[in-house]
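Next come the chains, spelled out residue by residue.
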Amino acid sequence: MQYLIFIPIIASSAAVTITADARGIKWLYNSAKVSTTMIIIGLAAFSFVYAARPVSSYTIFIVSALVLSLGGDIALLFKDNRAFITGLVFFLAAHVVYTIAFIISSGFAVMDALPAGMIILLLIILFRSFSEHLGKMLIPVIIYMVIISAMVWRAFSTLFNNSIPVNHSLLIAIGACFFYISDILLGVDKFIFPVDHITFRNLSTYYIAQTMLALSCF
C-alpha cells in the first residue's frame, strides 16, 4: 500500500493552492494548482506498478481523463471567456473518457434506471436554475451539464455490478459525486451569484473527486 504516501502529498499541495489564492499569491497559486493535479496523475499512474499484465483499459482511461483535466486546470488559470471555454472543452473530454471507463467496468443493467432517474431529475433542476443566467454560454454549458450528468450516472451504476468490489465502486461513485458538487459550485459562482470562499469549496471538492477516481485504479 505504498501508494497511500501520495495522499498527504496531495493534501499538502492542495492546501498550498488554497492558501496561496486566499493570500493573493498568484504565481504560487498557479504553480501549486497545476502541481496538485500532476501529483494525482502520478498516483493513478503508480497503479501500473500493481496492475496485472497487460494493464487494464480502465486504468489507461482514468489516467487519460486526469491528463485532460490537467489541461482544463491550466486553461482556467486565465480569466477570460476564451480560456473558460477551452477549460470547458478539456473537462468535457475528461468526463467523456471517465464515462467510457465506467461503462467498461460495469456495462449496463436494469438497475441503472434508478440512478438515471435521480440524475435526470437533478439535471432538470439545474437547468431551470442556470438557464436564464447563461446568455451566449447556454448551449456549451447545457452540453457540459448533460455529459457530466452521464458520467455521474455511469459512476453510480458501478454500485449495481456484483463483479466490481464494493470499495472500488464506492470510490468511483463518491468521486464522481464530489466532481459534480465542485462543478455546480463553480457554475453558481460564475453565472448566478458569488459563492463565499469559492476557491476553498471548489478546489477541495475537486481534489477529493480526482484523488478518489485515481485511487479506483488500484
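These notes cover the structure that comes with them. Here the structure is a predicted model, which is why all the values come from computation and not from measurement.

Cut-offs used in this document
- In this convention, every chain numbers its residues from 1, walking through the sequence in written order.
- It should be noted that, the model being predicted, local features are given only for residues of pLDDT at least 70 and side-chain atom pairs only at 80 or more, the latter also being counted only at that level, while totals for whole chains, interfaces and linings use all residues.
- Only heavy atoms go into the side-chain values, all of them from the structure, while hydrogens and water stay out.
- Angles here are taken between N-to-C directions and fall from 0 to 180 degrees, while the axes themselves are lines fitted to C-alpha atoms, restricted in helices to the stretch in contact.
- To qualify as a helix, a DSSP run of H or I must reach at least 4 residues; to qualify as a strand, a run of E must reach at least 2; elements of each kind are numbered from the N terminus.
- For classification purposes, an angle smaller than 35 degrees is called roughly parallel, one larger than 145 roughly antiparallel, one from 65 to 115 roughly perpendicular, and anything else oblique.
- What makes a crossing left-handed is the near helix being turned counterclockwise from the far one by less than a right angle; a clockwise turn instead makes it right-handed.
- Contacts are assigned to residue pairs that have any heavy atoms within 4.5 Å of one another.
- Each patch is built from residues lacking any salt bridge and having more than 30% relative accessible area; the joining distance is 9 Å for like charges and 5 Å for nonpolar side chains (Val, Leu, Ile, Met, Phe, Trp, Tyr).
- Each accessible area value is a Shrake-Rupley result obtained with a 1.4 Å probe; residue values ignore everything except the protein chains displayed when judging cover.
- Any carboxyl oxygen of Asp or Glu within 4 Å of a side-chain nitrogen of Lys or Arg constitutes a salt bridge here.
- Buried, partly exposed and exposed residues are distinguished by accessible area as a fraction of the type maximum, computed with a 1.4 Å probe on protein chains only: under 20%, between the cut-offs, and over 50%, respectively.
- Only buried residues count toward a nonpolar core, which is a set of Ala, Val, Leu, Ile, Met, Phe, Trp, Tyr and Cys residues joined through side-chain atoms within 4.5 Å.
- In this scheme, a helix's expected span is set at 1.5 Å multiplied by one less than its residue total.
- Values of bend correspond, residue by residue, to the angle between axes fitted over the seven residues ending at that residue and the seven starting there.

## Points about the packing of helix α1 (residues 6-22) against helix α2 (residues 26-46)
No. 1: Viewed as axis vectors pointing N to C, α1 and α2 meet at an angle of 160°, and their least axial separation amounts to 8 Å. For the element pair α1 / α2, the angle class is roughly antiparallel. With respect to the hand of their crossing, α1 and α2 are arranged in left-handed fashion. Facing F6, I7, I9, I10, S13, A14, V16, T17, A20 and D21 of α1, the residues of α2 in contact are L28, Y29, A32, K33, S35, T36, I39, I40, G42, L43 and F46.

## Looking at a nonpolar patch on the surface
No. 1: A surface patch of nonpolar side chains, about 720 Å² in accessible area, is lined by M111, L114, M118, L159, F160, V166, L170 and I174.
No. 2: For the nonpolar patch, the secondary structure elements donating two or more residues are α5 (113-134) and α7 (166-192).
No. 3: If one sorts the elements of the nonpolar patch by residue count, α7 sits on top with three residues.
No. 4: By secondary structure assignment, the location of M111 is in the loop between α4 (81-106) and α5.
No. 5: In this structure M111 comes out as partly exposed when scored by relative accessible area, which is 44%.

## Some remarks on the nonpolar core
No. 1: Ranked by internal contacts, the top residues of the largest apolar core, which has 57 residues, are I62, L66, Y98, F102, M151 and F179.
No. 2: Residue assignment for this core shows that the elements contributing at least two residues are α1, α2, α3 (57-75), α4, α5, α6 (138-157), α7 and α8 (198-215).
No. 3: Excluding its chain neighbours within four sequence positions, the residues that come into contact with L66 are T37, I40, I41, A44, Y98, Q210 and A214.

## A closer look at α3
No. 1: A rise of 1.5 Å per residue sets the reference length of α3, with its 19 residues, at 27 Å; its end C-alpha atoms lie 27 Å apart and thus fit the reference within 8%.
No. 2: Residues Y58, T59, I62, V63, A65, L66, S69, L70, G71, G72, D73 and A75 constitute the buried set of α3.
No. 3: Residues of α3 that are buried in the fold lie against α2, α4, α7 and α8.

## A look at unusual backbone geometry
No. 1: Positive phi values are uncommon outside glycine, yet H197 reaches one of about 50°.
No. 2: Looking at the secondary structure, you find H197 in the loop between α7 and α8.
No. 3: Taking the relative accessible area as the measure of exposure, H197 reaches 62% and is therefore exposed.

## As for α5
No. 1: With 22 residues, α5 extends 30 Å between its outermost C-alpha atoms, agreeing within 8% with the 32 Å of an ideal straight helix rising 1.5 Å per residue.
No. 2: The largest bend along α5 reaches roughly 30° and is located at R128.
No. 3: The complete set of buried residues in α5 reads P115, A116, I119, L123, L126, F130 and L134.
No. 4: Turning to α5, the residues buried within the fold contact α6 and α7.
No. 5: With its phi angle positive at about 60°, G135 sits one or two positions after the end of α5.

Keep in mind these values describe shape, not function.
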